[in-house]
Amino acid sequence: MTAKPVTPPKGSFDQQVVIVGAGPVGLWLAHELAVAGVTPLVLERAGRRSPHSKALGIQPRTIEVLALRDRHRDVIAGGRPLPNWHFGMLEARVDFRDLPTPFPYLLAQPQSVTEELLEGYAAELGVQVRRGHEVVSLTQDGSSVNLRVHGPDGEYTVDAGYVVGADGARSVVRREAGIGFPGSDTSAYGFLGEVILDRPPLTPGFSALNEAGRLLVVPLPGGRFRVTGYDPRNQTREPMTLDELREASVRIAGTDFGMRDPSWLSRFGNATRLAATYRADRVLLAGDAAHIHWPAGGVGLNVGLQDAMNLGWKLAAVIQGRADDELLDTYHAERHPVGSELAEHTRAQTALIVGLTPEITALRALLSEAVVRAGAFSDLLAGKLSGLDIAYPPADARAHPLTGVRAHDPEGEGVFPLLHDGRAVLLTTGEEPVDATLAERAARAGISVHPSRIAETGGPAWSDVTAALIRPDGHVWWATEERSSGAAFTAEVSKALDELRVVFSRPAVADSVGS
C-alpha cells in the first residue's frame, strides 16, 4: 500500500467519533484524537467525576506514553515514586530502579487526580464532555453508528462515524455491538478501605502476608491511606464495613493502625474476561470495556491508557482520510494479545494472593527467592508490571528485529520530544544529512527527519541501526542497518515510506465529515 491520502469515510452524521466513558481511558483517547485534529464528543453516564480511585499506580511505560505528548510533568509532580513494587504480593519486591526508562518507578497517585489532569488536557484541545448523558442503545450500518442517549433534558440520538466504548466492565457499547466477553466469574473477593491511620506503618507500601490473609497499606494524598487485601473469612458481596476492615487488619497485621473516618469502603472480585474482538465494524473497545481482571500489580488502568494510545492515531488517520480503514484492524491485532497476557499474569497473581495452603506458601517462598537471586526472572516480572516489555511483532518475518518494540529513550530527551505533535518521525544515525530527495519524500508523507543518538543510547539491539521510523505511539515501525550513505540506503528508506499504511500530511477535511 502506498503512503498517499485516501478518500475520507462517507456518511451523514453529527460527530466524527463519539467516545462513551469519561474515565482516564476515554479522556486520553479524546486527547489523542484532538492532537491529530479530530475533536470527539465524550458521553459520560455519571453526573460528576467519582471521588474514589480504583487505580493508584502509574507504571513506567504509562509515564512514557504521557511523556510522548509532554503531558507527564504534572502527573509526576503530584505523585509519589516507588522504586519497587509487588507481583502477587510476594514478599520480595520487584526492583524497578534499573529498568531501561527515564522513569524507573511506579508512581503512586489516585486515579481521581490522574483523571482530573487528563480531562484538563483534553479540554485544552477543545474536547467536550457531556456528563449525565447515558447511552442506552446502539445500532450501526456500513456508514455510521446511531446512539440513543438519555440526558438531563430527555432522550436524543447521535449519529457518529465511529464509536469507542471506554465505558467500563459493564460496557453498554460492548453489549449493544454484540461483542462477546468470555472468561471466568468471580470466585474470590478482596477488600478495600480508604481511611485515616493514626498509627500508620513506617514503610511505604507496607504488607502483611500470612495464613490469616493478605494486607497492603498504601499512602494517599491528604494524609489518608488505602488498606486493601484478601480476607478468607469474609468472602461475600455484602457491603464492607469499617469494623470488618479493622478486624481483618488486626487479624492479618496485628494492628488496625488506628484507622478511622473512612471515605470509601468496597469489595472487588477476580472475574477475568477479555472481549472476543476489540473492533466490530465502526465500534471499538478500550480499557475495562475490553478486559477485566483482579486488580493485582496495579496494571489495569495502565493497559487501558496504552490501548487508547495505540488506537488514537490510527482512528484519527482513518477519519481524516490519511489511511485506509484496514489500519483499524491492527488495533485488535496488536492490543488483544496484550489483554490476553494481562488476564494470564493477573490470574497468576490472584492464585498467589488468595492461596493460603502450605503448597502455595512454599511456591511463594520459591518465587520470592527467584526474584532476589535470578535476575532474568525478576526482569521478566518487572517487564510485565511496568509495561516496558510490550511489543507488536510484525507480520513479516523478514522485518528488522526491532520492529514493534518501543523506542528506548533512556534520557527522555532523544525521542519523546520529537513525537509531541502526534506524528511519526524518521530517525537517522549517520553523521551525514539525508539525501535531499529522501527528505522531500518523507516530508510529503508528513514525516520529519531527525539525526539521532539512539544507536548509542538505545542498547545493544540499536547499535547497528542506521535509520528507523517511529510511530506516533513510540513503537518502531521499520528499521534498517543499511550503510547510511549511498543510493542503496536512500532506496531502502524510500521503499519503507512508500509502503506505510498511513501518512501524516493532513488533508483538508471538514470538522464534521457529512456528505
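The structure under discussion appears in the preceding block.
Source: prediction; values computed, not measured. (Residues numbered from 1 in each chain as written. Predicted model: local features only at pLDDT ≥ 70, side-chain atom pairs only at ≥ 80, totals over all residues. Heavy atoms only, no water.)

Q: Provide a residue-level description of the overall build of the protein chain, including the pertinent values.
A: Counting its regular elements, the protein chain contains 13 helices and 25 strands. Projected onto its principal axes, the C-alpha positions of the protein chain cover 70 × 60 × 35 Å. When each of the 515 residues of the protein chain is scored for burial, the buried share is 55%. A sequence separation of at least 24 residues applies to 73% of the contacts in the protein chain between residues at least 6 apart. When the accessible surface of the protein chain is totalled, it reaches about 21000 Å², and 51% of it is carbon and sulfur. Computing the positive centroid from 50 side-chain charges and the negative centroid from 63, the protein chain places the two 4 Å apart. (Helix = DSSP H or I, 4+ residues; strand = E, 2+ residues; numbered from the N terminus. Buried < 20%, exposed > 50% of the residue type's maximum accessible area, 1.4 Å probe, protein only. Contact = heavy atoms within 4.5 Å. Areas by Shrake-Rupley, 256 points an atom, 1.4 Å probe, with all protein chains shown as cover. Lys, Arg positive; Asp, Glu negative; His and termini not counted. Charge placed at Lys NZ, Arg CZ, Asp CG, Glu CD.)

Q: Tell me what's going on with the sheet that holds strand 22 (residues 425-428), and back it up with residues and numbers.
A: Strand order in the open sheet made by the four strands is 23-22-24-25, with mixed pairing throughout. At either margin of the open sheet sits one strand with a lone partner, and together these are strand 23 (448-451) and strand 25 (476-480). If you compare each strand with its neighbour and ignore which way they point, the axes differ by 20° on average. Here strand 22 runs beside strand 23; their pairing, made up of four bridges, is parallel. Residue pairing in the sheet places Val-425 in a bridge with Ser-448 of strand 23. Sitting on the sheet, helix 13 (residues 487-498) is in contact with strand 22, strand 24 (467-470) and strand 25, with an inclination near 160° to strand 25. (Pairing = 2+ DSSP bridges. Axes fitted to C-alpha atoms, helices over the stretch in contact; angles between N-to-C directions.)

Q: Explain the pattern of salt bridges to me, and be specific about the residues and the numbers.
A: Tallied over the entire structure, the rule returns 38 salt bridges. Between Arg-501 and Glu-326 there is a salt bridge, and its shortest N-O distance comes to 3.9 Å. Taken together, the residues Arg-501 in the segment after helix 13 and Glu-326 in the loop between helix 7 (300-319) and helix 8 (329-354) connect sequence positions 175 residues apart. On the accessibility criterion, Arg-501 (32% relative accessible area) is partly exposed. Each of Arg-49, Glu-115, Glu-119 and Arg-131 takes part in one network of salt bridges that share partners. (Salt bridge = Lys/Arg side-chain N within 4 Å of Asp/Glu carboxyl O.)

Q: Tell me what's going on with the sheet that holds strand 12 (residues 183-184), and back it up with residues and numbers.
A: Neighbouring strands of a sheet are bound in pairs by backbone hydrogen bonds; such pairs are parallel or else antiparallel. Sheet architecture is open: three strands sit in the order 12-18-21, paired in antiparallel fashion. Edge positions in the sheet fall to strand 12 and strand 21 (291-292), since each of these pairs with one other strand and no more. The strands touched by helix 8 within the sheet are strand 12, strand 18 (272-274) and strand 21, with strand 18 carrying the most contacts at an inclination of about 170°.

Q: Describe the pairing of strand 9 (residues 134-140), with residues and values.
A: Pairing of strand 9 with strand 10 (residues 145-151) involves six bridges; the strand directions are antiparallel. Within the sheet, the bridge partner assigned to Gln-140 lies in strand 10 and is Val-145. Turn length for the strand 9-strand 10 hairpin, with the two strands adjacent in sequence and antiparallel, is four residues.

Q: Run through helix 11 (residues 436-444), naming residues and quoting values.
A: All of the buried residues in helix 11 are Leu-438, Arg-441 and Ala-442. End-on, the buried residues of helix 11 take up no more than an arc of 95°, which puts them together on one face. With respect to the buried face of helix 11, the exposed residues turned more than 90 degrees away are Ala-436, Thr-437 and Arg-444. Gly-446, located one to two residues past helix 11, shows a positive phi value of around 75°. (Arc of directions from axis to C-beta.)

Q: Before we move on, can you summarise the packing of helix 1 (residues 24-35) against helix 7 with the specific residues and values?
A: In the contact formed by helix 1 and helix 7, the axes pass within 8 Å of each other and the chain directions differ by 25°. As judged from the angle between their axes, helix 1 and helix 7 are roughly parallel. Between helix 1 and helix 7 lies a crossing of right-handed hand. Mapping the contact onto sequence places Pro-24, Val-25, Trp-28, Leu-29, Glu-32 and Leu-33 in helix 1 and Leu-301, Gly-304, Leu-305, Ala-308, Met-309, Leu-311, Gly-312, Leu-315 and Ala-316 in helix 7. Grouping the constituent residues of the contact of helix 1 with helix 7 by class yields twelve nonpolar, two polar and one charged. (Parallel < 35°, antiparallel > 145°, perpendicular 65-115°, else oblique. Left-handed = near helix turned anticlockwise from the far one by under 90°. Nonpolar A, V, L, I, M, F, W, Y, C, P; charged D, E, K, R; others polar.)

Q: Tell me what's going on with helix 1, and back it up with residues and numbers.
A: Between the first and last C-alpha of helix 1 there are 16 Å, a value that for twelve residues agrees with the 16 Å anticipated at 1.5 Å per step. In terms of residue burial, helix 1 counts as a mostly covered element, since twelve of its twelve residues are buried. Every buried residue of helix 1 is listed here: Pro-24, Val-25, Gly-26, Leu-27, Trp-28, Leu-29, Ala-30, His-31, Glu-32, Leu-33, Ala-34 and Val-35. Backbone geometry just downstream of helix 1 places Gly-37 in the positive-phi region, at approximately 95°. (Expected span 1.5 Å × (residues − 1).)

Q: Describe the packing of helix 8 against helix 9 (residues 358-373), and please don't skip the residues or the numbers.
A: The contact between helix 8 and helix 9 brings their axes to 9 Å, and the two run at 120°. If you check the angle between helix 8 and helix 9, you find them oblique. Between helix 8 and helix 9 the crossing geometry is left-handed. Two secondary-structure elements touch here, helix 8 through Ala-351, Leu-352 and Ile-353 and helix 9 through Ile-360, Leu-363, Arg-364 and Leu-367. Looking at the contact of helix 8 with helix 9 residue by residue, the class counts come to six nonpolar, no polar and one charged.

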